[in-house]
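Chain by chain, the residues run as shown.
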Amino acid sequence: MLPELDPLLHSQLRLAVISILIGSDEADFVFLRKATGATAGNLSVQIEKLREAGYISVEKSFRGKMPRTTCQITPEGVTAFENYVEALQNYLPK
Amino acid sequence: MENTFSEKESLAVIRQMIDTAKNNLQQGMGKVFLLWGYLVAGISLATTILLIILPGDSRYYAYFLWFLMVLGGPLHYLLIRKIERERLVKTYIDKMMHWVWIAFTISILTVVIGLILSSLFIYPALSAAEATNDVGQLFQWIFMSGSAGTNQPVDHFQFWFQWLFIPPFMLCLYGIALFITGKAYGFKPLYLGGIICWVSVLILLATIHHPHVLEIQQIFLCFCAIAGYIIPGHLLNKKESSDVA
């Protein structure tokens, strides 16, 4: 029986966010929006879901007078991503 | 983007997104390379000219021009502050390269400060030895060894000889930092600049006994600043503007 894919990561936008963060030390909300092509509203919702699951940490600060949101992957997020990729390999033809 | 998708699409997303964030030098870094490139090239060129036109021992005052390098510090700080404000993503390579350049700066400062300190010991030693024409006294001042004196003329050159190793040593460090940065970001002009610095080190060490070694060293510093910093800096700026366009 094939292992179940983590439903939290098996969503195009959430997986895209996690994939960017796995290769980055940190990424700005604006960068994530441009890279994924998502709308700000949808991205905010998906980021919040990942944060609630403990997969990412979100830091809000100010760049001059402009608010800034920075995301970082957590160790739990790294493990979840590794498990997801491992499970994914079982679905691919060998 | 849709909420659910196939396993193949899933892999494609991972690959595409990982590629998005990797191997790009931070926007504005070209200006940092240009700042240091033009500073080193300008100072070394001016030093070469002064070494040629100034008469007698006064030509050595040309080296005081290198103190102008401190001007780069505040300008570098302002440029980096602007880059950090505009930074949207920080990759692990960015983080590693930050520490490579910090290590490069510390290495340069350590050598320069060490040699300046050694010169501070030479000045009083030379004065004392000249006053008595006593080489033994000179060594006693420098090494505190209490060796016996002999009445021979003081050879100033041997006490300044260590400074001749500064330009090749600097270029060796330039080579390391440029090569690593170029390879890490996959930017060919930078690592080629590093290789040019290393080849220059070989030439400078081979010509260290040449009568015009001082001028040769300054010319090579200028050449390496152009090859390793100025050309890659302009190419980076061009790349950035074409990326934006």
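Keep in mind that this is a model prediction, so the values were computed, not measured.

Participant: Help me understand the overall build of chain B in this model?
Facilitator: Along chain B, the regular secondary structure elements total 9 helices and 1 strand. The linear arrangement of helices and strands in chain B, starting from the amino end, is α-α-α-β-α-α-α-α-α-α. Taking all 245 residues of chain B together, 37% fall into the buried category. Total accessible area on chain B is roughly 13900 Å²; 70% of this is exposed by carbon and sulfur atoms.

Participant: What should I look at first to understand the environment of Gly175(B) in this one?
Facilitator: Residues and elements named next belong to chain B. With respect to the helices and strands, Gly-175 occurs in helix H7 (residues 166-185). A C-alpha to C-alpha distance of 7.2 Å links Gly-175 and Gly-193, two positions 18 residues apart in sequence. Once residues lying within four places of it in the same chain are set aside, the contact partners of Gly-175 are Gly-194, Cys-197 and Trp-198.

Participant: When you look at the state of the cysteines in this model, what are you seeing that I'm missing?
Facilitator: In protein structure, a disulfide is the covalent linkage between the sulfur atoms of two cysteines. All names here are of chain B. A full pass over the atoms with the stated rule returns 0 disulfides over all chains. Between Cys-222, a free cysteine, and Cys-224, which holds the nearest cysteine sulfur, the sulfur-to-sulfur gap is 9.4 Å. With a relative accessible area of 10%, Cys-222 lands in the buried category.

Participant: Could you clarify how one ought to interpret the side chain of Asp25(A) in this entry?
Facilitator: When you line up the elements, Asp25(A) lands in strand S1 (residues 24-28). The residues contacting Asp25(A), other than those within four sequence positions of it, are Gln72(A), Lys90(B), Thr91(B), Tyr92(B) and Lys95(B).

Participant: Which parts of the structure should I look at to understand helix H8 (residues 188-206) of chain B?
Facilitator: What sets the pattern is the α-helix's 3.6 residues per turn: residues three or four places apart point alike. Residue and element names in this part refer to chain B. Between its terminal C-alpha atoms H8 stretches 27 Å, which fits the 27 Å expected from 19 residues at 1.5 Å a residue. By the burial criterion, the buried members of H8 are Leu-190, Tyr-191, Gly-193, Gly-194, Cys-197, Ser-200, Val-201 and Leu-204. Summarising the axial view, the buried residues of H8 lie within an arc of 165°, below the 170-degree limit, and thus occupy one face. Along H8, exposed side chains directed more than 90 degrees from the buried face belong to Lys-188, Leu-202 and Ala-206.

Participant: Before we go on, may I ask you to explain the confidence of the model for chain A in this structure?
Facilitator: Where the model shows low pLDDT, its predicted coordinates should not be examined in detail. Per-chain confidence: chain A averages 89 in pLDDT, with 98% of residues scoring 70 or above. Mean pLDDT values over the elements of chain A span from 88, in S1(A), up to 95, in helix H3 (residues 40-52) of chain A.

Participant: What should I look at first to understand the packing of aromatic side chains in this one?
Facilitator: Each aromatic ring pair is summarised here by two numbers: the centre-to-centre distance and the angle between the ring planes. Residues and elements named next belong to chain B. Scanning the entire structure with this criterion turns up 11 aromatic pairs over all chains. With a centroid separation of 5.4 Å and 70° between ring planes, the pair formed by Tyr-174 and Tyr-229 is classed as edge-to-face. Residue Tyr-174 is found in helix H7, and its partner Tyr-229 is found in helix H9 (residues 213-244); the two are separated by 55 residues along the sequence. Per residue, the accessibility class of Tyr-174 equals that of Tyr-229, and both read buried. Through successive ring pairs, a cluster of aromatic residues spans Phe-33, Trp-101, Phe-104, Tyr-174 and Tyr-229. Taking NZ or CZ as reference, Lys-183 lies 4.0 Å from the ring centre of Tyr-191, over its face.

Participant: Where do I start with the sheet that holds strand S2 (residues 56-63) of chain A in this structure?
Facilitator: Sheet strands associate in pairs through backbone hydrogen bonding, adopting either a parallel or an antiparallel arrangement. Here 4 strands make up an open sheet; going across it, the order is S2(A)-S3(A)-S1(A)-S1(B) and the pairing antiparallel. This sheet does not close on itself; its edge strands, each paired only once, are S2 of chain A together with strand S1 (89-91) of chain B. Each adjacent strand pair in this sheet contributes to an overall mean axis angle of 20°, direction not counted. Here 3 bridges tie S1(A) to S1(B), and the two strands are oriented antiparallel to one another.

Rules used throughout
Residues numbered from 1 in each chain as written. Chains lettered and ligands numbered in written order. Predicted model: local features only at pLDDT ≥ 70, side-chain atom pairs only at ≥ 80, totals over all residues. Heavy atoms only, no water. Helix = DSSP H or I, 4+ residues; strand = E, 2+ residues; numbered from the N terminus. Buried < 20%, exposed > 50% of the residue type's maximum accessible area, 1.4 Å probe, protein only. Areas by Shrake-Rupley, 256 points an atom, 1.4 Å probe, with all protein chains shown as cover. Contact = heavy atoms within 4.5 Å. Disulfide = S-S within 2.5 Å. Expected span 1.5 Å × (residues − 1). Arc of directions from axis to C-beta. pLDDT = per-residue confidence, 0-100. Phe/Tyr/Trp six-rings, centres within 6.5 Å; stacked < 30°, edge-to-face > 60°. Lys NZ or Arg CZ within 6 Å of the ring centre and 35° of its normal. Pairing = 2+ DSSP bridges. Axes fitted to C-alpha atoms, helices over the stretch in contact; angles between N-to-C directions.

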